[in-house]
Amino acid sequence: MHIETPTKKVNKSNQELFEFLTDIKNFEQLMPENIDKFEVLDENTFRFALKGMPEIVLRLKEQHPHEKVVLGVASDKLPFTLTADIKALGENESEVGLSFEGEFNAMMAMMIKSPITNFMETLTSNM
């Protein structure tokens, strides 16, 4: 299953945005209002839960300086990645787009598509 958010302009340079996203404690600021739990487990891993949803542990899997940050789920139960693609637009402006990639059966995909899409749009908006 593949989901992408529309790109959004951010009033930060690509370097600033990259550094913000690779410091995982900053994801607490990006979370939706219905966050139930947020906990930093180590410098590359955090756990969060939204009301009514199971806890998810995300780990920083990959980083390409000033261009891309990839977070992946820490368990194999529901394997997926969340990728932020960053593009410089100017000295103090960049563009970011999020993409979600996961392998789910048709029933699971149908159930999670809308909540995942809303979650990603919230993350992008809060940047």
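The paragraphs below set out a description of the structure included in this document. Every value quoted in this text rests on a predicted model; they were computed, and no experiment measured them.

## Focus on helix α1 (residues 14-22)
Item 1. Residues Leu17, Phe18, Phe20, Leu21 and Thr22 constitute the buried set of α1.
Item 2. The inward-facing, buried residues of α1 abut β2 (8-10), α2 (27-30), β5 (56-64), β6 (68-73), β7 (80-90) and β8 (93-102).

## A look at unusual backbone geometry
Item 1. The backbone phi angle of His66 is positive, close to 70°, even though this residue is not glycine.
Item 2. Along the polypeptide, His66 turns up in the loop between β5 and β6.

## Examining the packing of aromatic side chains
Item 1. Scanning the model with the defined rule gives six aromatic pairs in all.
Item 2. With centroids separated by 5.1 Å and ring planes inclined at 25°, the aromatic side chains of Phe38 and Phe46 adopt a geometry described as stacked.
Item 3. What makes Phe38 buried here is its relative accessible area of 16%.
Item 4. Seen from their ring centres, Phe46 and Phe48 are 6.0 Å apart, and the 35° between their planes marks the pair as tilted.
Item 5. For Phe46, a relative accessible area of 0% corresponds to the buried category.
Item 6. Of note, Lys12 hangs over the ring of Phe20, and the distance from its end group to the ring centre comes to 4.2 Å.

What counts, and at which threshold
- Residues numbered from 1 in each chain as written.
- Predicted model: local features only at pLDDT ≥ 70, side-chain atom pairs only at ≥ 80, totals over all residues.
- Heavy atoms only, no water.
- Buried < 20%, exposed > 50% of the residue type's maximum accessible area, 1.4 Å probe, protein only.
- Helix = DSSP H or I, 4+ residues; strand = E, 2+ residues; numbered from the N terminus.
- Contact = heavy atoms within 4.5 Å.
- Phe/Tyr/Trp six-rings, centres within 6.5 Å; stacked < 30°, edge-to-face > 60°.
- Lys NZ or Arg CZ within 6 Å of the ring centre and 35° of its normal.

Bear in mind that shape data such as this cannot, by itself, settle questions of function.
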